[in-house]
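The chain contents come next:
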Amino acid sequence: MMLEEMNRSQMEIAILENEIPCNIDEVIEMGDEKVRELIQNWIEEKPDFIL
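Residue numbers run consecutively from 1 along every chain, following the written order of its sequence. Whole-chain, interface and lining totals are the exception, using all residues; otherwise, since this is a predicted model, local features are given only for residues with pLDDT of at least 70 and side-chain atom pairs are given and counted only at 80 or more. Excluded from the side-chain calculation are hydrogens and water; included are all heavy atoms of the structure.

Enquirer: What am I meant to see in the pattern of salt bridges here?
Expert: Two side chains with opposite charge may pair up if their charged atoms get near one another. When a carboxyl oxygen of Asp or Glu is within 4 Å of a side-chain nitrogen of Lys or Arg, the pair counts as a salt bridge. For the coordinates displayed, the defined rule picks out 3 salt bridges. Taking the shortest distance from any N to any O, the salt bridge between Arg8 and Glu12 comes out at 2.8 Å. Of this pair, Arg8 and Glu12 are both found in helix H1 (residues 8-17), 4 residues apart, which corresponds to roughly one turn of the helix. According to the relative accessible area criterion, Glu12 is partly exposed, its value standing at 23%. Across the pair Arg8 and Asp32 runs a salt bridge, and its minimum N-O distance is 2.7 Å. With Arg8 in helix H1 and Asp32 in helix H3 (residues 32-45), this pair connects stretches of sequence that are 24 residues apart. Taken together, the salt bridges that share partners define one network made up of Arg8, Glu12 and Asp32. The way it works is that DSSP assigns letters per residue, a run of H or I at least four long becomes a helix, a run of E at least two long becomes a strand, and they are numbered from the N terminus. Throughout, exposure labels follow a simple rule: accessible area from a 1.4 Å probe, protein chains only, divided by the maximum for the residue type, with under 20% read as buried, over 50% as exposed, and the rest as partly exposed.

As structure tokens, then:
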């Protein structure tokens, strides 16, 4: 699945399942674009990562 196609709950699950380092309380407060950006930045740091 492409990051752009994910809805909000799918993004939050991806963060938890992949243990993306962040404060989940802050993520809940973020807008969708910010959450997408957070995941994208993490993916760029982990080239072998597959969403």
